[in-house]
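A look at the structure
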Amino acid sequence: ELTKLKSDVPVDQNPANQAKEYLSHFEEVSAVRAVNYENDLVIAVDINHHDRFQLDHLEKELTKDVKKNFSNMEITFSTDRKILIELKRLEEDIQNRNVSEDGIKKRLQKIKKLSREET
């Protein structure tokens, strides 16, 4: 499941699209959601059910890879389904132009806070 966001939306989503493209090549990943705002890139992945036994290891490896490939950005990476759902909603709002630039920033901050609480 890979949703490419248009580049003519309020905030250019090319980094998010590149991260999704990169992570979609891992066979353990069944879904990827990502949104960026300025230097923040928030990514959530869903791991295939049978690969969840190695979730900690996978999360560390994927996080390390993403941080290496997007070293110019501050990465928030999660395998939490709640974060995945929140990013999906935000992606849809961006795609449908139902959210402003400021709205994207606020919602990303809220999602990042939520991901820290889940850890």
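Structure: see above.
Residues numbered from 1 in each chain as written. Predicted model: local features only at pLDDT ≥ 70, side-chain atom pairs only at ≥ 80, totals over all residues. Heavy atoms only, no water.

**Describing the overall build of the protein**
Within the protein, the secondary structure is distributed over four helices and three strands. A compact globule built from 119 residues would reach a C-alpha radius of gyration of about 14 Å, and the protein, at 13 Å, matches this within 12%. Its C-alpha atoms put the protein at 40 × 25 × 25 Å along the principal axes. Put simply, the protein has 119 residues, and 47% of those count as buried. Taking the intrachain contacts of the protein between residues at least 6 apart in sequence as the baseline, contacts between residues at least 24 apart amount to 58%. Seen as two clouds, the 21 positive and the 24 negative side-chain charges of the protein have centres 3 Å apart. (Helix = DSSP H or I, 4+ residues; strand = E, 2+ residues; numbered from the N terminus. Rg over C-alpha atoms; globule rule 2.2 N^0.38 Å. Buried < 20%, exposed > 50% of the residue type's maximum accessible area, 1.4 Å probe, protein only. Contact = heavy atoms within 4.5 Å. Lys, Arg positive; Asp, Glu negative; His and termini not counted. Charge placed at Lys NZ, Arg CZ, Asp CG, Glu CD.)

**Focus on the packing of aromatic side chains**
Summed over the entire model, instances satisfying the criterion amount to one aromatic pair. Relative to Phe26, the ring of Tyr22 lies with its centre 5.6 Å away and its plane at 75°, an arrangement referred to as edge-to-face. (Phe/Tyr/Trp six-rings, centres within 6.5 Å; stacked < 30°, edge-to-face > 60°.)

**Describing the sheet that holds strand β3 (residues 74-78)**
If you trace the three strands from one edge of the open sheet to the other, you get β1-β2-β3, paired in mixed fashion. The open sheet has two free edges, formed respectively by β1 (29-37) and β3, since each of these has just one partner strand. Between one strand axis and the next, the sheet turns through 15° on average, direction left out of account. For strand β2 (residues 40-47) and β3, the ladder comprises five bridges, and the chain directions are parallel. Considered in β3, the bridge of Asp40 is made with Glu74. Of the strands in this sheet, β1, β2 and β3 are in contact with helix α2 (residues 55-69), which crosses β3 at around 160°. Contacts from helix α3 (residues 81-95) reach β1, β2 and β3, with the element oriented near 55° to β1. (Pairing = 2+ DSSP bridges. Axes fitted to C-alpha atoms, helices over the stretch in contact; angles between N-to-C directions.)

**Topic: the pattern of salt bridges**
Evaluation of the coordinates by the stated rule reveals twelve salt bridges. Here Glu86 makes a salt bridge to Arg89, at a shortest N to O gap of 3.1 Å. With Glu86 and Arg89 both in helix α3 and three residues apart, the pair spans about one turn of that helix. Taking relative accessible area as the criterion, Glu86 reaches 16% and is therefore assigned buried. Using a relative accessible area of 45% as the deciding quantity, one classes Arg89 as partly exposed. Residue Lys106 is joined to Asp102 by a salt bridge in which the shortest nitrogen-to-oxygen separation is 3.3 Å. Of the two residues, Lys106 and Asp102 are both situated in helix α4 (residues 101-118); the distance of four residues between them amounts to about one turn of the helix. (Salt bridge = Lys/Arg side-chain N within 4 Å of Asp/Glu carboxyl O.)

Keep in mind these numbers describe shape, not what the thing actually does.
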